[in-house]
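Examination of the molecular architecture
Letter by letter, the chains look like this.
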Amino acid sequence: MPANWFPFPADYRQGGFLSDLTAGFTLCILLIPQAMAYGMLAGVDPVYGLYAALVPMVIYALTASTPHVSVGPTALASLLCLNGLAGLAEPGSAEYLGYAVLLAGVTGALQLLYSILRLGGIASLLSRPVLSGFVSAAAVLIMVSQLNTLMGINAERAGFLHSTLLNLFNSLESFHWPTALLGGGTLIVLWLGSRFLPKKFPTFFLVVAISTVLVWQLGQSWDISTVGYVPSGLPSFLLPELSMASIREVLPVALVISLISFVETLSIGKAFAPDYEYYRVRPNRELAALGLSKIGGAFFQGIPTSASFSRSAVLEGAGGRSPVSGILSALMLVVVLLFLTPAFYYLPKPVLAAIIVFSVRNLFDLREMKRLWSLAPKEFFTLLLTFLFTLFAGLQYGIAGGVLLSLYFAFARAARPHLAELGRVEGTNAFRNVERFKGSVCDPTVLIVRFDSELYFSNADFFRDEMEALVAKKGDALRAVIIDGHTINDIDSSGIYALTRFLEGLERRNISLYLCGTIGPVRDMLFKSGLMERMGADRHFLSIQSALAYINDASRDRGWDSPAVQHG
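Residues numbered from 1 in each chain as written. Predicted model: local features only at pLDDT ≥ 70, side-chain atom pairs only at ≥ 80, totals over all residues. Heavy atoms only, no water.

1. A look at the sheet that holds strand β8 (residues 540–541)
The strand order β4-β3-β5-β6-β7-β8 describes an open sheet built from 6 strands, whose pairing is mixed. The open sheet is flanked by β4 (431–433) and β8, the only strands paired with a single partner. Inspection of the sheet shows strand β6 (residues 480–484) paired to strand β7 (residues 512–516) by 5 bridges, in the parallel sense. Opposite D484, over in β7, you have C516 as the bridge partner. Along the sheet, helix α18 (residues 460–474) makes contact with β3 (419–424), β5 (446–451) and β6, crossing β5 at roughly 155°. (Pairing = 2+ DSSP bridges. Helix = DSSP H or I, 4+ residues; strand = E, 2+ residues; numbered from the N terminus. Contact = heavy atoms within 4.5 Å. Axes fitted to C-alpha atoms, helices over the stretch in contact; angles between N-to-C directions.)

Below, the structure is given as structure tokens:
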């Protein structure tokens, strides 16, 4: 392992450990209630959320490229776990726990495989609109899924928004006022704390402590559901139950979690990295760190984990400077598991539900929706469709639909790239899009075109059709076509074929074809295909001006010394 493997600042000896100790303690105070809440959201006993926060946090701290990302149970990973496994076993059962642990291991193995194959660029499969739509819908599903616990309603679980709301409506007779008052009151306290208290103030921890004491001392007759017995001690080492059948069953949701958790981690790491010079986020290393942390957690009964933005922000804001902060937080969690778990017996479940609802409120990205609505309607449509698919078809179908729609739009743009007829901006030697620069001067005998894409199988027919349409529009006066090749960054055999057919059509009309500014790889293909030789050496130029000077009387001053203008 290289000496610079761990991201430590150069001045770490000057108070770095004390900063990490403070950050680790602050993180642990937030982590404990969140981990238990997300364990409950995942469909397992809350203590398994604590187990999932322990080993993965240590392994990630030792292997990751960034010291400011905190991994552990998260709302999104827990919801994906619940929705993906609820059809395989009853949540809360031993069989369900086995599936959840196996899911963590399979997800980790996938991420480790991605790292080995150097697939750090896989995050690009999820465009920002897809991710925003998916996460926003997941936030709605998470909030709605907690209403039964928040209000004491005995409603059957469901994976879709409409089913969940219908079940809640049909079970309203079980509404429990003491539970609803405690859950609603907790939400109000958390909101007031976020508005009027410092960010480092341990609001979550105090809410958990006060509500636990309240129910213990005064509310045992209120019939509010509590966490109950939490076993003391560290998680034992257990091999996940492996079979090809069970692996196939969890593989679809594992694929989704592996991609989503990587995108989350990369986004969080890149949000902090620009402020620090002593580390850079390395995608393939992050994949390996996430994979190893999940695999390690699976051997100690850990459920699927991911990076948490709220806990990462607390870690960075509290002064964390190195991986030591995460390790110290894990050591503090060890103390809690060994000695303090009896204190959780009277922890009210509606308080944990309120923590979940409050924690995911910012995942609903209304600002991004408004931005895309005015900036890029197609991308807003992608976001909206992903959002609706996720709400009403399920999490896996939501993310798959969003990815497919993004790929469709990407292919559609690639198949119909921008193509512009150019004219000379009067008084300059610059040639610009005649649609944007209305005063541009066009010679009726010369057609100048810029194609802003690689010329390949996806758009070759479009290129030929558009070029022939422009030629026809020019009419019989046309005697030369110039293609500005500066923006054609590649060409394949289909592009060569389309260009050759276009050239043959021009030759039948006694119109000359000129190429200017083509880059090396494109010239190589033109040469190897024989098209360069067929056109002739006198048909290739460095610039539009050179081509025009050749076509026209080069001895006559054509004003090429005039100043150029900026691209438009």
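There's plenty left to go through after this.
2. Some details on the packing of helix α1 (residues 16–41) against helix α13 (residues 324–340)
What describes two packed helices is the angle between their axes and the distance between those same axes. Between α1 and α13, whose axes approach to 7 Å, the crossing angle comes to 50°. What the angle tells us is that α1 and α13 run oblique. Of the two elements, α1 crosses α13, and the hand of that crossing is right-handed. The residues of α13 that touch α1, namely those facing F17, D20, L21, A23, G24, F25, L27, C28, L31 and I32, are V324, S325, L328, S329, M332, L333 and V336. Split into classes, the residues belonging to the contact of α1 with α13 amount to 13 nonpolar, 3 polar and 1 charged. (Parallel < 35°, antiparallel > 145°, perpendicular 65-115°, else oblique. Left-handed = near helix turned anticlockwise from the far one by under 90°. Nonpolar A, V, L, I, M, F, W, Y, C, P; charged D, E, K, R; others polar.)

3. Focus on the packing of aromatic side chains
Two numbers describe a pair of aromatic rings. These are the distance of the centres and the angle of the planes. A complete count under the given rule lists 21 aromatic pairs for this structure. When the ring of F175 is compared with that of W177, the centres are 4.9 Å apart and the planes differ by 80°; the resulting orientation is edge-to-face. Judged by its relative accessible area of 59%, W177 is exposed. Among the aromatic residues, ring-to-ring pairing joins F6, F8 and Y12 into one connected group. Its guanidinium or amino end placed over the ring of F358, R361 lies 3.8 Å from that ring's centre, counting from NZ or CZ. (Phe/Tyr/Trp six-rings, centres within 6.5 Å; stacked < 30°, edge-to-face > 60°. Buried < 20%, exposed > 50% of the residue type's maximum accessible area, 1.4 Å probe, protein only. Lys NZ or Arg CZ within 6 Å of the ring centre and 35° of its normal.)

4. What to know about the side chain of Q111
Along the chain, Q111 falls in helix α4 (residues 94–116). Relative accessible area serves as the criterion here: at 0%, Q111 is assigned to the buried category. Setting aside its immediate chain neighbours within four residues, Q111 contacts I257, S258, S261, F262, L287, L290, G291 and K294.

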